[in-house]
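# Survey of secondary and tertiary structure
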Amino acid sequence: MSTTRATCPLDCPDACGVLVHTNADGRFEKLTGNPEHGWSAGHLCSKTMSYGEIVNGGERLLRPLVRRGGKKSAPLEPASWDEALARIVERVKPLAGPEILALWYAGTMGLVQRKFPLRTLHALGATLHDGGVCDATSTAGYECVLGRCLGPDLEAELEDCDLLLLWGCEAVRTNQHLLPRIQRLCKRGVPVIAIDIWRSDTIRKLELWGGQGLVLKPGSDAMLALALARIAFELGFADREFLATHCAGAEEFEAHATRAHDLEQCQAATGLDPQAVAGLALLLRSARKPILKTGVGFARRRNGAMSMRAVCSLAVVLGHGNRVHYESFAHFGLPEDWIVRPDLRPMGSSAATVPQVQLGKQLDEGRYRAVFVWCHNPAVVLPDSLRVRRGLAREDVFTVVHEHVLTETAELADVVLPATTFVEHEDIYRSYGHRRLQWTRPGAVARGDTKSNVECFRAIAKALELPRECWEHDAHQLVEGFLEASRARVSAEELAALREGLPVKLHQQMVQGWGTPSGRIELANPEPAHYVPDDGAGGKGPFQLISAPSVATHNSTYLYSSRHLAKAGKPVCHLNPADLARLGATEGARLVLSNAQGKITLPASADLNVPLGCIRVDGVLSGRDVPERVGINALVPPALSDMGDGNVLYSTRVDAYPAP
């Protein structure tokens, strides 16, 4: 058996170090944790430990598939790469660039494999999307106040903090390698507080360890942050020296925060007992080295950016603007355009960018004649997913999907191209939770006739006779070239370690200012953060939908793994027992969740951890387990968030009633 160092490719802040084990023939056998990795330290989550279910699974696509009848109703049949490429050339070459849509996302977080296909799409002059499904709202809110998304180095600083505030961060399900560090803090008596909209796994774990959870009403985060800021000003523990030195708009923010947001208003908006809010304020007052760790998803709502702005503003008032950790992408500062090559667009063509969360309408209306999909499962994960499906199913939309398995998106394609998994190709990874970079080599022989994203789109580009830059370099050459282009950020010693496949923490950048246009922290740009009640994106249903992360699956990657699905169990909807009784339903009864977007039917589960007026559904769901054959995003409206044109998943309102 041989081993190869690699990085878990999934969209997770931990970006764990893994070891790929293969047999004497180079065939994949298993994954284990890499003990050399400073963050994950040899431990993998149970989701990734079972990744072999994807690599060696019976549903793995090993040959291209095409529809020979020329109609969507024709079956997908095995084909050669030559036949598949010929069909792509026939349908795509006559099209104008804006008629072609590039549809990718975070199926792999490897920089080269994920982003190199954009060279081909740029050369075609294709329409791009803005990536607004995941973190656009949070990023916009954070950057508005604090500039570059950096924050503290959690690996180095977390265990030295004297207060940890987890704001909308379900660490148990999404940040596993935070947990042992959190437990050690609790054992030392360091206060750890989790703020969420339900009594999450993390809150319950903290309660066992001596920490605390605060459950507030959905969408009221900004009110809590502003109330805490008001207390800091009124009790005299706002850091006025920090505000004067680093901030613009401090006086305006103070006037705004202290004009309202008292404990009575806070209680009305958040549902929190005033004593609990005052107790948190006292902890913040005494902390000298706190860390505020926000989740990526808590701001996916209509008022999400304002919520993030308010949380960041609170940290600034306390003098801890550099101790809010949201994402760490800004640490790397790598020239990713070198991979993407937007300069390859046809002369005079600028990239048209459309909001990803509203693509259902555009696809359904037939705006595009061809769609290329990679690292994405839009029929499952995009909002308003019923319209996304209808759009991809149009006879006049030629859809090409590059995938591991026959996903619900691939089932709608005209050409399906088989993809390698991360253990079978070369790439480079950076984390958004810690500060390590890793160059990974293929650890296993590729199965069947699969190709990596790089090899697939090289073949497409060559068949379409696009510029040489789209097809002349393989993945190894691309990683080499990218790192050479990154030498302003990567030292010689770091490059040597990367060549060895080691997970490397890049040295700290020398930066000036805070990364905002003014170079200062912005507390009133154009006005201070304020509390705006969540309007439900226009929905009027009596229940707030809580789409919680799954304990067993990850985005839609493992929806096609029988082992992961068995661990997750059949999907259910969780309600407070009192709400279940009011609906006249009992444990296990089938409930219809519906709104203007669609409906799904799920068995009910009574759960005291879910607040009144909320329904929790875990994961994105496999349509195979739902009578309507759709997932949770069939209910999510395509409305835009307050900043960043982001997803409003957590603003979704639904009605609920017993199934007939």
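Okay, so let's go over this structure. (Residues numbered from 1 in each chain as written. Predicted model: local features only at pLDDT ≥ 70, side-chain atom pairs only at ≥ 80, totals over all residues. Heavy atoms only, no water.)

Right, let's get into the overall build of the protein chain. Helix and strand counts for the protein chain come out as 25 helices and 27 strands. Relative to the 2.2 N^0.38 estimate, which gives 26 Å for 660 residues, the radius of gyration of the protein chain is 25 Å and therefore close to what a compact globule would have. When the backbone C-alpha atoms are referred to their principal axes, the protein chain occupies close to 70 × 65 × 55 Å. Looking at the 660 residues of the protein chain, the share that counts as buried comes to 61%. When contacts within the protein chain are restricted to residue pairs at least 6 apart in sequence, long-range pairs at least 24 apart make up 75% of them. For the protein chain, the accessible surface area stands at approximately 23,800 Å², while carbon and sulfur atoms represent 51% of it. (Helix = DSSP H or I, 4+ residues; strand = E, 2+ residues; numbered from the N terminus. Rg over C-alpha atoms; globule rule 2.2 N^0.38 Å. Buried < 20%, exposed > 50% of the residue type's maximum accessible area, 1.4 Å probe, protein only. Contact = heavy atoms within 4.5 Å. Areas by Shrake-Rupley, 256 points an atom, 1.4 Å probe, with all protein chains shown as cover.)

Okay, the nonpolar core next. If you look at the biggest cluster of nonpolar residues, it comprises 88 residues, and the most contacted ones within it are Leu146, Trp167, Leu224, Val316, Val371, Ile521 and Leu523. A total of eleven residues in this core trace back to one element, the largest contributor, which is helix H11 (residues 221–235). Those residues in contact with Val316, other than ones at most four positions away along the chain, are Val145, Leu146, Phe242, Leu243, Cys247, Gly321, Ile521 and Leu523. In this structure, Leu85, Leu118, Trp374 and Ala459 belong to the second largest nonpolar core, which totals 35 residues. (Core = buried A, V, L, I, M, F, W, Y, C linked by side-chain atoms within 4.5 Å.)

What the rule picks out here adds up to nine aromatic pairs. Aromatic pair Tyr142 and Tyr326: ring centres 5.7 Å apart, planes at 35°, arrangement tilted. Here the residue Tyr142 occupies a position in helix H6 (residues 136–146), and Tyr326 occupies one in the loop between strand S13 (324–325) and helix H17 (337–340), the gap between them amounting to 184 residues. Pair check on accessibility: Tyr142 and Tyr326 agree, each one buried. (Phe/Tyr/Trp six-rings, centres within 6.5 Å; stacked < 30°, edge-to-face > 60°.)

Turning to the environment of Phe116, a few remarks are in order. Tracing the chain through its elements places Phe116 in the loop between helix H4 (111–115) and helix H5 (117–123). Along the backbone, Phe116 and Phe457 are 341 residues apart, and their C-alpha atoms lie at a distance of 8.0 Å.

Under the criterion given, the structure shown has 41 salt bridges. Of the charged contacts, one joins Arg60 and Glu424 as a salt bridge, the two residues approaching to 2.7 Å between their closest N and O atoms. Of this pair, Arg60 sits in the loop between helix H2 (52–55) and strand S4 (65–67) while Glu424 sits in the loop between strand S17 (415–418) and strand S18 (427–430), and the two are 364 residues apart along the sequence. The same class applies to Arg60 and to Glu424, which are both buried. Between Arg230 and Glu234 there is a salt bridge whose closest N-O contact spans 2.9 Å. Linking Arg230 with Glu234, this pair stays in helix H11, spanning four residues, or about one helical turn. Taken together, the salt bridges that share partners define one network made up of Glu170, Arg173, Asp201, Arg204, Asp607, Arg616 and Asp618. (Salt bridge = Lys/Arg side-chain N within 4 Å of Asp/Glu carboxyl O.)

Before going further, it helps to spend a moment on the environment of Asp221. For Asp221, the location among the structural elements is in helix H11. In the structure, Asp221 is positioned 87 residues away from Met308 in sequence and 8.2 Å away in space, judged by C-alpha atoms. A polar side-chain atom of Asp221 sits 2.9 Å from a polar atom in the side chain of Trp167. (Polar contact = N/O pair within 3.5 Å; in protein donor to acceptor, adjacent residues only side chain to side chain.)

Taken across its five residues, strand S8 (residues 163–167) has five buried, putting it largely inside the fold. Neither face of S8 is left uncovered, since the one carrying Leu163, Leu165 and Trp167 and the one carrying Leu164 and Leu166 both have all their residues buried. Relative to strand S12 (residues 290–294), S8 runs parallel, the two sharing five bridges. Bridging across to S12, Trp167 finds its partner in Thr294. In this sheet, strand S9 (residues 192–196) lies alongside S8 in parallel orientation, the contact comprising four bridges. Across the sheet, Leu164 pairs through a bridge with Val192, a residue of S9. (Pairing = 2+ DSSP bridges.)

The next point concerns the sheet that holds S4. Spatially, the six strands line up as an open sheet ordered S5-S4-S17-S16-S15-S6, and their pairing is mixed. Strands with a single pairing partner mark the edges of an open sheet, and in this sheet they are strand S5 (76–78) and strand S6 (100–104). Neighbour to neighbour, the strand axes of the sheet diverge by 20° on average, direction disregarded. Looking at chain direction, strand S15 (residues 370–374) and strand S16 (residues 398–403) are connected through five bridges and run parallel. Within the sheet, the bridge partner assigned to Val371 lies in S16 and is Thr399. Against the sheet, helix H3 (residues 81–92) contacts S4, S6, S15, S16 and S17, and its axis sits at roughly 135° relative to S17. Contacts from helix H21 (residues 453–463) reach S15, S16 and S17 within the one sheet, and its direction differs from that of S15 by about 155°. (Axes fitted to C-alpha atoms, helices over the stretch in contact; angles between N-to-C directions.)

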